[in-house]
Amino acid sequence: MQSKELHIEINEVSGTQNAVIINFSGELCSLCISKISDTFDKIDFNFTSNKFVIAEMSEVTMISSAALGEFMGGRKRLIEKGGELVFAGLNIELRTKLNLMGANKVFRFYNDQRSAISAYKWEYEKHPEHLHLSFPPYLKLVPPIRSLVSRVARQKGYGNRDAFRIETIIDEVCNNAIEHGLEGQNNKIDMKVTIDPGKIEFVVTSISDPEKMYALRALLKPEEDATKWRTDDKRGRGLDLIKMLSNELSVECNEAGTSVHVKKLREE
Amino acid sequence: MESQIELLYEDIPGKSNARLIRFVGDLDATNVETVLEKVCTLFSEGFINLIADFKKLRYVNSTGLGILLHFSKSAKEKGGSFKIANVNENVYEIIEIIGATALLEIYDELDEAVAALR
């Protein structure tokens, strides 16, 4: 049976500084290892800087162990120059085969090109990720929202302790927005989250309730010792907690709305 | 969707006016009223010495902490106590950084909290 001919195409990824995609299609049999080797030579020759190379494998139907060996050699050359080689788009059968060969201990696998590029931008170019939520001012919505942001932080590599602190900050900011904002499903709370490998920032904007403004302004006044609770404080002290868990906190408060900006640096 | 919290009660041998409450889940603004009601019912039934086991309490926020301080104060007013044991690292940090450790009776182990009952 004749094997499907191997085709290889190299493309730079637009909008990135150092990412390259190698599109493979056909069968990566033991007879074609020189083609794979030549491809890595081309990358070595044409691109002097450290390259993040994505091997796009969605059109590949077979990988021989000899071909995998070539990929390992190619990765080693890239790593030595501060680059990386990852796989994207492997079908389940090939992924299973590579796992059995132990390749998952060496290479990172991404479901598709987009995920691989996104990981590159996050890890190498330190691009922030953005999350924008808008929700009615209902307390019952706060637990899933704080949990979502905390999960995003964990998924982005933040540790459990940071993720827990982020969850607490989000919880307190949202609870304050609900407590001091206008009620009703049309008076939505707007939350913008920006996360990068070093920090997470939130801006939470709510529509102020004029009748509750005095209470909010009172909360914003600095106290002599904000860290001390009293046993008759049945109501929480959310703003103090946010101050102590975050690195920066600013509150803009006027008749139209209240905007809370929090910055928290990654600690783990 | 409210956060899930479950309060499981157990007798404490030899202490007729004491109860062990195991907190399971998250304590926050969505369920604090329910917890307040349940614990106040215990007080009204004469259980003035309460031990809260936080081994399975995953999360607490400032509203939840406020209610814990309220339980502590209420128990003392009734001549009893509200003791907390087995607090996880994250929850303890929240209690600690806002200075509530000085206001709550916190024990590392449940046995220590039971032994400290009058």
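Residues numbered from 1 in each chain as written. Chains lettered and ligands numbered in written order. Predicted model: local features only at pLDDT ≥ 70, side-chain atom pairs only at ≥ 80, totals over all residues.

### Remarks on the overall build of chain A
Heads up, the rule is: Numbered from the N terminus, helices here are DSSP runs of H or I no shorter than four residues, and strands are runs of E no shorter than two. Exposure in this text rests on C-beta crowding, where 20 or more other C-beta atoms within 10 Å of a residue's own make it buried, 12 or fewer make it exposed, and counts in between make it partly exposed. The C-beta atoms are placed from the backbone. A residue pair is marked as a contact if its C-beta atoms, positioned from the backbone, fall within 7 Å.
Regarding its fold elements, chain A presents eight helices and ten strands. The buried share of chain A, taken over its 268 residues, is 34%. Considering only contacts within chain A whose residues lie at least 6 apart along the sequence, 71% involve residues at least 24 apart.

### A short note on the overall build of chain B
Threshold: What the globule rule says is 2.2 Å times the number of residues to the power 0.38, and the radius of gyration is computed from C-alpha atoms.
On a plain count of helices and strands, chain B comes out with four helices and five strands. For chain B, the succession of helices and strands along the chain, N to C, is β-β-α-β-α-β-α-β-α. For 118 residues, the compact-globule formula gives about 13 Å, and the C-alpha radius of gyration of chain B, at 13 Å, lands near that figure. Dimensions of chain B, computed from C-alpha atoms along their principal axes, come out at roughly 35 × 25 × 25 Å. Across the 118 residues that make up chain B, the buried fraction comes to 43%. In chain B, 70% of the contacts between residues at least 6 apart in sequence involve partners at least 24 apart.

### Thoughts on the pairing of strand S7 (residues 189-196) of chain A
All names here are of chain A. Heads up, the condition is: Between any two strands, pairing holds if DSSP finds at least two bridges.
Here S7 shows a buried face lined by Ile-189, Met-191, Val-193 and Ile-195 and an unburied face lined by Asp-190, Lys-192, Thr-194 and Asp-196. In terms of strand pairing, strand S6 (residues 129-135) meets S7 through seven bridges, oriented antiparallel. Among the inter-strand pairings, Phe-135 is bridged to a residue of S7, identified as Ile-189. Pairing analysis gives seven bridges linking S7 to strand S8 (residues 199-206), with the strands arranged antiparallel.

### Observations regarding the nonpolar core
Operational definition: By convention in this section, buried Ala, Val, Leu, Ile, Met, Phe, Trp, Tyr and Cys residues joined through C-beta atoms within 7 Å make up a nonpolar core.
Counting 60 residues, the largest nonpolar core has A:Val173, A:Cys174, A:Val204, B:Leu50, B:Ala52, B:Phe54 and B:Val91 as its most contacted members. Per element, the largest residue contribution to this core is nine residues, and it comes from helix H6 (residues 160-180) of chain A. Ignoring any residue separated from it by four or fewer positions in sequence, one finds A:Val204 in contact with A:Val173, A:Cys174, A:Ala177, A:Ile189, A:Met191 and A:Val260. Formed by 32 residues, the second largest nonpolar core is a distinct cluster that contains A:Ala67, A:Phe71, A:Leu78 and A:Ala116.

### What about the sheet that holds strand S1 (residues 5-12) of chain B?
Residue and element names in this part refer to chain B. Going by this rule: Axes here mean lines fitted to C-alpha atoms, for a helix over just the part in contact, with angles spanning 0 to 180 degrees between N-to-C directions.
Taken in spatial order, the five strands make up an open sheet running S1-S2-S3-S4-S5, and their pairing is mixed. Both edges of this open sheet fall to S1 and strand S5 (105-107), since each of them pairs with a single strand only. Direction aside, the axes of adjacent strands within the sheet are offset by 25 degrees on average.

### Brief notes about the pairing of strand S1 (residues 7-12) of chain A
Residue and element names in this part refer to chain A. Counting buried residues along S1, only zero of its six residues qualify, which leaves the element largely exposed. Direction of pairing for S1 relative to strand S2 (residues 19-28): antiparallel, over a ladder of six bridges. Across the sheet, His-7 pairs through a bridge with Ser-25, a residue of S2.

### Here we look at the confidence of the model for chain B
Condition: pLDDT: the predictor's confidence for each residue, scored from 0 to 100.
Summary statistics for chain B give a mean pLDDT of 94 and a share of 99% for residues scoring 70 or more. Reported confidences for the modelled complex are a pTM of 0.79 and an ipTM of 0.92.

### Notes on the packing of helix H1 (residues 32-44) of chain B against helix H2 (residues 62-77) of chain B
Residue and element names in this part refer to chain B. Applicable threshold: Convention used here: angles under 35 degrees read as roughly parallel, angles over 145 as roughly antiparallel, angles from 65 to 115 as roughly perpendicular, and any remaining angle as oblique. Side-chain classes follow a simple rule in which Ala, Val, Leu, Ile, Met, Phe, Trp, Tyr, Cys and Pro form the nonpolar group, Asp, Glu, Lys and Arg form the charged group, and the remainder, Gly included, forms the polar group.
Running from N to C, H1 and H2 cross one another at 10 degrees; their axes reach a closest spacing of 10 Å. Comparing their axes, H2 and H1 come out roughly parallel. Where H1 approaches H2, its residues Val-32, Val-35, Leu-36, Val-39 and Phe-43 are matched on the opposing element by Thr-63, Gly-64, Ile-67, Phe-71 and Ser-74. Considering only residue class, the contact of H1 with H2 consists of seven nonpolar, three polar and no charged.

### Considerations on the packing of H6(A) against helix H8 (residues 238-245) of chain A
All names here are of chain A. Operational definition: Working rule for handedness: look at the near helix, and if it is turned counterclockwise from the far one by less than a right angle, call the crossing left-handed; if clockwise, right-handed.
Put simply, H6 and H8 touch, their axes get as near as 9 Å, and they point 145 degrees apart. Relative to H8, the crossing made by H6 is left-handed. Taking contact as the criterion, the partners of Arg-165, Thr-168, Ile-169, Glu-172, Val-173, Asn-175 and Asn-176 in H6 are, on H8, Gly-238, Leu-239, Leu-241, Ile-242 and Leu-245. Along the lines of polarity and charge, the residues of the contact of H6 with H8 split into six nonpolar, four polar and two charged.

### Notes on unusual backbone geometry
Its identity is not glycine, yet A:Lys126 carries a phi of approximately 55 degrees, on the positive side. With respect to the helices and strands, A:Lys126 occurs in the loop between helix H4 (113-123) and S6. The backbone of B:Asn86 sits at a positive phi, close to 60 degrees, despite the residue not being glycine. Looking at the secondary structure, you find B:Asn86 in the loop between strand S4 (81-85) and helix H3 (89-97).

### Things to note about H8(A)
Each α-helix turn comprises 3.6 residues. Residues three or four places apart therefore point the same way. Among the eight residues that make up H8(A), six are buried, leaving the element largely enclosed by the rest of the structure. Every buried residue belonging to H8(A) is among A:Gly238, A:Asp240, A:Leu241, A:Ile242, A:Lys243 and A:Leu245, and all of these are buried. The inward-facing, buried residues of H8(A) abut H6, strand S9 (248-253) and strand S10 (258-265) of chain A together with H2 of chain B.

### Quick notes on the sheet that holds S8(A)
All names here are of chain A. On the basis of which strands lie adjacent, the open sheet formed by five strands has the order S6-S7-S8-S10-S9 and antiparallel pairing. Strands at the two margins of the open sheet, each flanked by one partner only, are S6 and S9. With strand direction ignored, the average angle separating the axes of adjacent strands in the sheet is 10 degrees. Relative to S10, S9 runs antiparallel, the two being bridged by six bridges. Bridge pairing links Leu-249 to Val-262 in S10. In this fold H6 packs onto S7, S8 and S10, with an angle of close to 175 degrees to the strand it touches most, S10.

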